[in-house]
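Residue-level listing of the chains:
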Amino acid sequence: MVKIKICGLSRPEDIEYVNDARPDFCGFIIQVPASRRNVTVEQLRRLRESLSERIRAVGVFVNADPALPEALLKEGVIDIAQLHGQEDEAYIERLRERTGKSVIKAFSVSEREDLERAFSSCADMVLLDHGKGGTGERFDWTVLEQYRNRGNEPEKPFLLAGGIGPDNISEAVRRCSPFGVDLSSAVETDEKKDREKIMAAVAAVRSIAI
């Protein structure tokens, strides 16, 4: 079954919405002031207290001191770390070895070489996106289709992100065959998470026949 992740939770209401919708993962953007979805560690702890145990919490970081995701993983505040900066292989390996937890690495995709770089990463899973996260834009999915048509298969699970919403989730899964889809701006109204859009997105994923 295709998994779904709702990213960029920042308010108590957002936690209520995902608890009702029950996606597989939810994401918190931690100590990234440039993001309007940013949360502090203190806010994260409070939000996590109300999160259903059925949903895995993903901490999203951008070039953070590795001590931060390491501590939050070890404490169980987050279950998975997702890296969106210039974190190298040594950073990823250190985090995995010191915590025993999974790491997702995000990659911007515009050409075949980007996919090759992503799938050769030592991360447990990769996220394929268009430029900066949360833009609501998708990369050219034909790049991935052509990669596969040439006999290549992704060497690890991947999440598909960018420009995916309830109206095109089925197309995204059909064309790209991801492990899961990652949604943020597509489930917002006026830059805030929207309960009905979250419910619709999760329902759309659950209805997909594989």
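Sequence order as written defines residue numbering, which begins from 1 separately in each chain. In view of the model being predicted, local features appear only for residues whose pLDDT reaches at least 70, and side-chain atom pairs are presented and counted only at 80 or more, with totals across whole chains, interfaces and linings using the full set of residues. Side-chain numbers here rest on the full set of heavy atoms in the structure, without hydrogens or water.

Student: Before we go on, may I ask you to explain the overall build of the protein in this structure?
Tutor: Counting its secondary structure elements, the protein contains 8 helices and 11 strands. Since a compact globule built from 210 residues should have a radius of gyration of about 17 Å, the 16 Å found for the protein is in line with a globular shape. With the C-alpha coordinates aligned to their principal axes, the bounding extent of the protein is approximately 45 × 40 × 30 Å. Type-normalised accessible area, obtained with a 1.4 Å probe on protein chains alone, sets the label of each residue: buried when under 20%, exposed when over 50%, and partly exposed for intermediate values. For the protein, with 210 residues in total, the buried portion stands at 53%. Note on contacts: a residue pair qualifies if any of its non-hydrogen atoms lie within 4.5 Å across the two residues. In the protein, 56% of the contacts between residues at least 6 apart in sequence involve partners at least 24 apart. By the counting scheme adopted, Arg and Lys are positive, Glu and Asp are negative, and His together with the chain ends is not counted. Every charge is mapped to an atom, namely NZ of Lys, CZ of Arg, CG of Asp or CD of Glu. In the protein, 31 positive and 36 negative side-chain charges are present, and the distance between their average locations comes to 2 Å. Put simply, DSSP H or I for four residues or longer makes a helix, DSSP E for two residues or longer makes a strand, and each gets a number counted from the N terminus. Throughout, radius of gyration means the C-alpha value; the globule benchmark is 2.2 Å times the number of residues raised to the power 0.38.

Student: For this particular structure, what's the right way to read the packing of aromatic side chains?
Tutor: Working definition: an aromatic ring pair is given by the centre-to-centre distance plus the angle between the planes. Only rings of Phe, Tyr and Trp enter the pairing, Trp through its six-membered ring, and a pair is recorded when the two centres are within 6.5 Å. The plane angle decides the type: under 30 degrees is stacked, over 60 is edge-to-face, the rest tilted. The full count for this structure, using the stated rule, is 2 aromatic pairs. Ring plane angle 40° and centroid distance 5.8 Å describe the contact between Phe 119 and Tyr 147, whose orientation is recorded as tilted. Here Tyr 147 lies in helix H6 (residues 141-149) and Phe 119 lies in helix H5 (residues 112-119), a separation of 28 residues in the sequence. For the pair shown, Phe 119 and Tyr 147 are each scored as buried. In this structure an aromatic cluster arises from ring pairing among Phe 119, Tyr 147 and Phe 158. Cation over ring: Lys 105 sits above Phe 107, and NZ or CZ is 5.3 Å from the ring centre. Two conditions define a charge sitting above a ring: the NZ of Lys or the CZ of Arg must be within 6 Å of the ring centre, and it must be within 35 degrees of the ring normal. In this structure, Arg 138 packs its charged tip against the face of Trp 141, placed 3.8 Å from the ring centre.

Student: Sorry, what's going on with the pairing of strand S1 (residues 3-7) here?
Tutor: Put simply, side chains in a regular strand alternate between the two faces of the sheet. Burial within S1 is extensive, with 4 of its 5 residues counted as buried. Following DSSP output, two strands are said to pair if at least two bridges run between them. Of the pairings in the sheet, the one linking S1 to strand S9 (residues 180-183) comprises 4 bridges and is parallel in character. Note on S9: the bridge partner recorded for Ile 4 is Val 181. Summarising the sheet, S1 and strand S2 (residues 25-30) pair through 3 bridges and their orientation is parallel. Within S2, the position partnered with Ile 6 by the bridge is Cys 26. As a crossover connection, the stretch from S1 through helix H1 (residues 12-21) into S2 is right-handed. Seen with the strands pointing away from the viewer, any crossover whose path from the first strand over the helix to the second strand runs clockwise is right-handed.

Student: So what exactly am I meant to see when it comes to the packing of helix H3 (residues 67-75) against helix H4 (residues 89-99) here?
Tutor: Relative orientation and spacing of two packed helices are given, respectively, by the angle between their axes and the distance between those axes. Interhelical geometry of H3 versus H4 gives an angle of 25° and a closest axis separation of 10 Å. Compared by their axis directions, H3 and H4 come out roughly parallel. Considering how the two elements wind past one another, H3 and H4 form a crossing that is right-handed. Within the contact between the two elements, H3 uses Ala 67, Pro 69, Glu 70, Leu 73 and Lys 74 and H4 uses Tyr 91, Arg 94, Leu 95, Arg 98 and Thr 99. Polar here means any residue outside two lists: the nonpolar Ala, Val, Leu, Ile, Met, Phe, Trp, Tyr, Cys and Pro, and the charged Asp, Glu, Lys and Arg; Gly therefore counts as polar. Residue composition of the contact of H3 with H4, grouped by class: 5 nonpolar, 1 polar and 4 charged. Simply put, an axis is a line fit to the C-alpha atoms, just over the touching stretch for a helix, and the angle between two N-to-C directions goes from 0 to 180 degrees. Note that the term roughly parallel is reserved for angles under 35 degrees, roughly antiparallel for angles over 145, roughly perpendicular for angles of 65 to 115, and oblique for everything else. In this scheme the crossing of two helices becomes right-handed for a clockwise turn of the near helix relative to the far one and left-handed for an anticlockwise turn of less than a right angle.

Student: I would appreciate a short explanation of a negative patch on the surface in the present structure.
Tutor: Think of a patch as exposed residues, more than 30% relative accessible area, with no salt bridge, where like charges cluster within 9 Å and nonpolar side chains (Val, Leu, Ile, Met, Phe, Trp, Tyr) cluster within 5 Å. Every accessible area reported is derived by Shrake-Rupley at a probe size of 1.4 Å, with residue values counting cover from the shown protein chains alone. We define a salt bridge as a contact between a side-chain nitrogen of Lys or Arg and a carboxyl oxygen of Asp or Glu at a distance within 4 Å. A grouping of Asp 88, Glu 89, Glu 93 and Glu 97 is seen on the molecular surface, where their side chains present a negatively charged patch. Turning to its location among the elements, Glu 97 is positioned in helix H4. The exposure class of Glu 97 is exposed, given its relative accessible area of 68%.

Student: Is there a simple way to explain the environment of Val 103 in this structure?
Tutor: Following the sequence through the fold, Val 103 ends up in strand S6 (residues 102-108). Here the alpha-carbon distance between Val 103 and Glu 93, two residues 10 residues apart in the chain, equals 9.0 Å. Apart from residues lying up to four places away in sequence, Val 103 is in contact with Ala 81, Leu 83, Ile 92, Leu 95, Arg 96, Ala 123, Asp 124 and Met 125.

Student: I'm lost on the nonpolar core in this one. Help?
Tutor: Soluble globular proteins tend to pack their nonpolar side chains together in the buried interior. Take the buried residues of types Ala, Val, Leu, Ile, Met, Phe, Trp, Tyr and Cys, join any two whose side-chain atoms come within 4.5 Å, and each joined set is a nonpolar core. Counting residues in hydrophobic clusters, the biggest one holds 61 residues, and the most contacted among them are Phe 28, Ile 30, Phe 61, Leu 72, Leu 128, Ile 169 and Leu 183. Counting residues per element, this core draws most heavily on helix H8 (residues 195-206), which supplies 5 residues. In contact with Leu 128, other than residues within four places in its own chain, are Phe 107, Val 109, Leu 115, Ala 118, Phe 119, Phe 139, Phe 158, Leu 159, Leu 160 and Ala 161. Membership of the second largest hydrophobic core comes to 9 residues, among which are Phe 25, Ile 80, Leu 159 and Ala 161.

Student: I keep staring at the packing of H5 against H6 and nothing clicks. Help me out?
Tutor: At their nearest, the axes of H5 and H6 sit 9 Å apart, and the two run at 70° to each other. Classified by the angle between their axes, H5 and H6 sit roughly perpendicular to one another. For the pair formed by H5 and H6, the contact residues are Arg 112, Leu 115, Glu 116 and Phe 119 on the first element and Val 143, Leu 144 and Tyr 147 on the second. Per-class residue counts for the contact of H5 with H6 are 5 nonpolar, no polar and 2 charged.

That's the geometry; what it means functionally is another story.
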